[in-house]
Amino acid sequence: KFEFNPKDGIDNPALSLAEDTDGEGMGEPRFYLLSKDSTETFGFCLHEELGCQGHVIRQVELGGLAQRRGLQDGDRLLQVNGHFVDHMDHRTVVRKIKASGNQVLLAVLDGSSYEAAKALGRDLSQMLPADIRPRLCHITRDKSGFGFSVSGPEGVKGTFQLSVRQDGPAERAGVPPGSWLLELNGASVRSYSHAQLARKVCGPGVGGWGTGASNVTEHPVFPTQLKQSGNKVTLLVASSAVEEFYRLRGLRITAALADTSWLPFKVRELHMVKGPAGYGFLLKEDDCISGAIGQFLWDVDAGLPADQAGMKEGDRLLAVNGESIEGLDHHQTVLRICARDDQVTLLVIDPAGDEFYQSVGFGDPAWSHP
């Protein structure tokens, strides 16, 4: 029989921080990375309860994923994938959890500590690290290269630190100096040794900042990926502080947790007021790049509200009036769009952006929207 002891942290000792207390005997936030497959649930419900402040963890399924990780009934949810949510509308928080797909990083505080902190007027956001998200950075090579080089200790697998040239493409793309390389073009580098990365790809240039792929250390995957990406490459990186945060808690960093604000690929919000001829577009159901079924926007009529709002043919619909359409069929999506008689707000992404997010394993691009 499995019994989780929060003091010992049987399932993952590094994740259990509940017994850490400050001078007032108040518990500290605990962090849980929940990863499931598409047939599972996270194993808990999030409640909004009369007379009870915060987003309350309830119905923790016996033997389920949440319980195995240590989530407890009555915990208050503070953070979802690095976003502070205590001040948010309850439905918005639920949507953010659903939009994160099959993996979500939660920060919670036990109920007693939460109520004590509220009674003392404490700013709960100050109890959490300022930034715990890695970054997805999309770099376009210039005449001097990509603007970064890779180094790492001999004999240690998957440990590669980046040196970033000042004012170079990597820095402009948001790569922090001294950050750690986690993925390249959606592929993890953690299984590669330094020996596999030791030999530089030949090319012109000085000090590893050369043209072509000369500023990337070589191993069996890198040259192929760089050749396929041409003049562009996507890195998942973590600053030293972010890397330490995950390592000390035994958590694996993935693209699903990343800050995407540096990416050139953005979702777009289209607000439309219905005219005499309607909105001026058609919604069609088709296969997504991932193989799932999606809802796509076509036949955008020139001069009508959809066109004026910036809709492009082939855009994929992600959300309607702030509600994700993930899991909805075509008829349900149409009903959602028509729920308000005279206006609607759609969240969409163009084909290039959609393909990019799929290629790096980010999941639902709607999550990149603030």
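Within an unreviewed UniProt entry, the label attached to the protein chain reads NHRF4 protein, and the organism entered is Dromas ardeola. The UniProt entry for the protein chain carries this comment under Subcellular location (unreviewed entry): "Cell membrane".

The next thing to look at is helix α9 (residues 351-359). All buried positions along α9 are accounted for by Gly353, Asp354, Phe356 and Tyr357. Down the axis of α9, the smallest arc covering the buried residues is 160°, so these residues share one side. Turning to α9, the residues buried within the fold contact β7 (135-140), β12 (232-238), β16 (316-320) and β18 (343-349). Of the residues flanking the start of α9, the one acting as N-cap is Asp350, its side-chain oxygen 3.2 Å from the backbone nitrogen of Ala352.

As a further point, take the packing of aromatic side chains. What the rule picks out here adds up to 6 aromatic pairs. An angle of 45° between the planes, with centres 6.3 Å apart, marks the rings of Phe146 and Phe148 as tilted. According to the relative accessible area criterion, Phe146 is buried, its value standing at 0%. Both rings, one in Tyr279 and one in Phe281, keep their centres 6.4 Å apart while their planes meet at 35°; by these two values the pair is tilted. For Phe281, a relative accessible area of 15% corresponds to the buried category. Between Lys36 and the ring centre of Phe42, over which it is positioned, the NZ or CZ distance is 5.2 Å.

This part takes up the nonpolar core. Core analysis: the largest hydrophobic core is formed by 36 residues, its most contacted members being Leu105, Leu124, Leu136, Tyr246 and Tyr357. Only β1 (30-35), β6 (103-109), α3 (111-119), β12, α6 (240-248), β16, β18 and α9 provide two or more residues apiece to this core. With sequence-adjacent residues up to four places away left out, Leu136 is seen in contact with Thr234, Leu235, Leu236, Ala255, Ala258, Asp259, Thr260, Trp262, Leu263, Val360 and Phe362. In this structure, Phe148, Phe160, Val189 and Val233 belong to the second largest nonpolar core, which totals 18 residues.

Following the criterion strictly, the structure yields 11 salt bridges and no others. Of the charged contacts, one joins Arg165 and Asp142 as a salt bridge, the two residues approaching to 3.6 Å between their closest N and O atoms. Taken together, the residues span a long stretch of sequence, with Arg165 in the loop between β9 (161-164) and α4 (169-172) and Asp142 in the loop between β7 and β8 (148-151) at a distance of 23 residues. Of the charged contacts, one joins Asp299 and Lys284 as a salt bridge, the two residues approaching to 3.9 Å between their closest N and O atoms. Placement of Asp299 in the loop between β15 (293-298) and α7 (305-309) and of Lys284 in strand β14 (residues 282-287) is noted, with a sequence separation of 15 residues between them.

Structurally, Glu243 can be placed in helix α6. Those residues in contact with Glu243 that sit more than four places away from it in its chain are Trp180, Ala238 and Ile253.

Turning our attention to the environment of Glu313. Assignment of secondary structure puts Glu313 in the loop between α7 and β16. Between the C-alpha atom of Glu313 and that of Leu282, which follows or precedes it by 31 residues, the distance is 9.5 Å. Setting aside anything within four residues of it in sequence, one finds Glu313 in contact with Leu297, Trp298, Asp299 and Val300. A polar atom in the side chain of Glu313 sits 3.2 Å from the backbone nitrogen of Asp299. A polar atom in the side chain of Glu313 sits 3.2 Å from the backbone nitrogen of Val300.

Time to look at the side chain of Arg95. Position of Arg95 relative to the elements: it lies in helix α2 (residues 90-99). In this structure the side chain of Arg95 is engaged in a polar contact, spanning 3.2 Å, whose partner is the side chain of Thr92. Among residues more than four places away in sequence, those in contact with Arg95 are Gly322, Glu323 and Ser324.

Thresholds, definitions, all that
- Residues numbered from 1 in each chain as written.
- Predicted model: local features only at pLDDT ≥ 70, side-chain atom pairs only at ≥ 80, totals over all residues.
- Heavy atoms only, no water.
- UniProt positions renumbered as here; feature names shortened; annotations may be inferred.
- Buried < 20%, exposed > 50% of the residue type's maximum accessible area, 1.4 Å probe, protein only.
- Helix = DSSP H or I, 4+ residues; strand = E, 2+ residues; numbered from the N terminus.
- Arc of directions from axis to C-beta.
- Contact = heavy atoms within 4.5 Å.
- Polar contact = N/O pair within 3.5 Å; in protein donor to acceptor, adjacent residues only side chain to side chain.
- Phe/Tyr/Trp six-rings, centres within 6.5 Å; stacked < 30°, edge-to-face > 60°.
- Lys NZ or Arg CZ within 6 Å of the ring centre and 35° of its normal.
- Core = buried A, V, L, I, M, F, W, Y, C linked by side-chain atoms within 4.5 Å.
- Salt bridge = Lys/Arg side-chain N within 4 Å of Asp/Glu carboxyl O.

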